[in-house]
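Chain by chain, the residues run as shown.
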Amino acid sequence: MAIVMMVIFIVLFGISFTFQSSGVMLTHTTAAFFPRVVLAVAMFLTLILIIQSIRKGPDKAEKKMDKDALRRVVLSMACAVGFGLGTAYLGTLVSIALFIVAIMLSWGVRSKRAIILTAALTPVLIYLVFQKILLVQLPSGILI
């Protein structure tokens with residue numbers, strides 16, 4: 001699994017070289033800087049996983065995934081695709097809030113208070129950090 005993740009991260013890292021800066025950023029970083037840093041860290045951590053799995057030997061775990069775990073994986077991937085589409089149409093901050101609600105519900109979180117607080121505070125913190133402190137424009141959509 002770690003090798004598959006590494007391949008995905010390498011492909012995404014390569015795709016990040018196609019990102020173009022719009023020239024509206026107030027900082028000297030490009031649009032690809034943050035994704036490249038995140039992907040580089042992810043590749044480093046995945047490399048550690050690969051090395052550990054080689055040292056440990058073959059995995060003796062059962063190869064079959066239980067139905068509940070498979071359902072959560074499929075719902076999580078559907079939420080990720082919905083987030084990507086939502087970012088283009090609804091805006092980043094609205095999509096983040098909806099993604100958090102959908103993920104928490106699909107993972108079995110039933111506390112309405114936890115869902116609402118997380119879905120409300122996370123976009124606010126992201127807005128403050130990226131748009132106000134780092135001066136990075138987040139993609140806007142129809143709503144925001």
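Up top you'll find the structure we're talking about.
Values in this document were obtained by computation on a predicted structure and should not be read as measured data.

Novice: Where do I start with the nonpolar core in this structure?
Specialist: In summary, soluble globular proteins display a tendency toward joint burial of nonpolar side chains. Listed in full, the seven residues of the largest apolar core are Ala2, Met6, Phe9, Leu39, Ala42, Met43 and Ile50. Listing elements by their share of this core, those giving two or more residues are α1 (2-15) and α2 (33-56). Here this core takes four residues from α2, the largest share from any one element. Ignoring sequence-local partners within four residues, the contact set of Phe9 consists of Leu39, Ala42, Met43 and Thr46. Ile96, Ile100, Met104 and Ile115 belong to the second-largest nonpolar core, a separate cluster that totals five residues.

Novice: For this particular structure, what's the right way to read the pattern of salt bridges?
Specialist: Pairs may arise between side chains of opposite charge once their charged atoms sit close together. Under the definition given, this model contains two salt bridges. For Arg71, the salt bridge identified is with Asp68, shortest N-O distance 3.2 Å. Of this pair, Arg71 and Asp68 both sit in helix α3 (residues 67-89), separated by three residues, roughly a single helical turn. You can call Asp68 partly exposed: its relative accessible area is 37%. Across the pair Arg72 and Asp68 runs a salt bridge whose closest N-O atoms are separated by 2.5 Å. Of the two residues, Arg72 and Asp68 are both situated in helix α3; the distance of four residues between them amounts to about one turn of the helix. Taking the relative accessible area as the measure of exposure, Arg72 reaches 29% and is therefore partly exposed. Connected through shared salt-bridge partners, Asp68, Arg71 and Arg72 make up one network.

Novice: Can you help me understand the environment of Ala40 in this one?
Specialist: Relative to the helices and strands, Ala40 is located in helix α2. It is 7.8 Å that separates the C-alpha atoms of Ala40 and Phe13, two residues lying 27 residues apart in sequence.

Novice: What am I meant to see in the packing of α3 against helix α4 (residues 92-106) here?
Specialist: For any two helices packed against each other, the geometry is given by the interaxial angle and the distance between the axes. Between α3 and α4, the least distance of the axes is 9 Å, while the angle of their chain directions is 170°. Relative to α4, the element α3 lies roughly antiparallel. Counting all contacts with α3, which are made through Arg71, Arg72, Leu75, Ser76, Cys79, Ala80, Phe83, Gly86 and Thr87, the residues of α4 involved are Thr92, Ser95, Ile96, Phe99, Ala102, Ile103 and Ser106. Taken together, the residues that form the contact of α3 with α4 break down as eight nonpolar, six polar and two charged.

Novice: Looking at this structure, how should I read the packing of α4 against helix α5 (residues 112-133)?
Specialist: It is the contact of α4 with α5, at a shortest axis distance of 9 Å, that shows an interaxial angle of 150°. Put simply, α4 runs roughly antiparallel to α5. For the crossing formed where α4 meets α5, the hand is right-handed. Counting all contacts with α4, which are made through Leu93, Ile96, Ala97, Ile100, Val101, Met104 and Leu105, the residues of α5 involved are Ala114, Ile115, Thr118, Ala119, Thr122, Pro123, Ile126 and Tyr127. Of the residues that constitute the contact of α4 with α5, the class distribution is 13 nonpolar, two polar and no charged.

The rules behind each value
- Each chain has its residues counted from 1, running along the sequence as written.
- It should be noted that, the model being predicted, local features are given only for residues of pLDDT at least 70 and side-chain atom pairs only at 80 or more, the latter also being counted only at that level, while totals for whole chains, interfaces and linings use all residues.
- Only hydrogens and water are set aside when side-chain values are computed; all heavy atoms of the structure are taken into account.
- Each nonpolar core is a collection of buried residues, namely Ala, Val, Leu, Ile, Met, Phe, Trp, Tyr and Cys, held together in the definition by side-chain atoms within 4.5 Å.
- The buried label goes to any residue with under 20% of its type's maximum accessible area, the exposed label to any with over 50%, and the partly exposed label to all in between, with areas taken from a 1.4 Å probe on protein chains only.
- In this description a helix means any DSSP run of H or I spanning at least four residues, a strand means any run of E spanning at least two, and both kinds are numbered starting from the N terminus.
- Contacts are assigned to residue pairs that have any heavy atoms within 4.5 Å of one another.
- Definition used for salt bridges: Asp or Glu carboxyl oxygen within 4 Å of a side-chain nitrogen of Lys or Arg.
- Throughout, an axis means a line fitted to C-alpha atoms (over the contacting stretch in the case of helices), and angles, computed between N-to-C directions, take values from 0 to 180 degrees.
- Throughout this description, any angle smaller than 35 degrees is read as roughly parallel, any larger than 145 degrees as roughly antiparallel, any in the 65 to 115 degree range as roughly perpendicular, and the remainder as oblique.
- Side-chain classes are defined by residue name, with Ala, Val, Leu, Ile, Met, Phe, Trp, Tyr, Cys and Pro counting as nonpolar, Asp, Glu, Lys and Arg as charged, and the others, Gly among them, as polar.
- The crossing is said to be left-handed when, going from far helix to near helix, the turn is anticlockwise and less than a right angle, and right-handed when the turn is clockwise.

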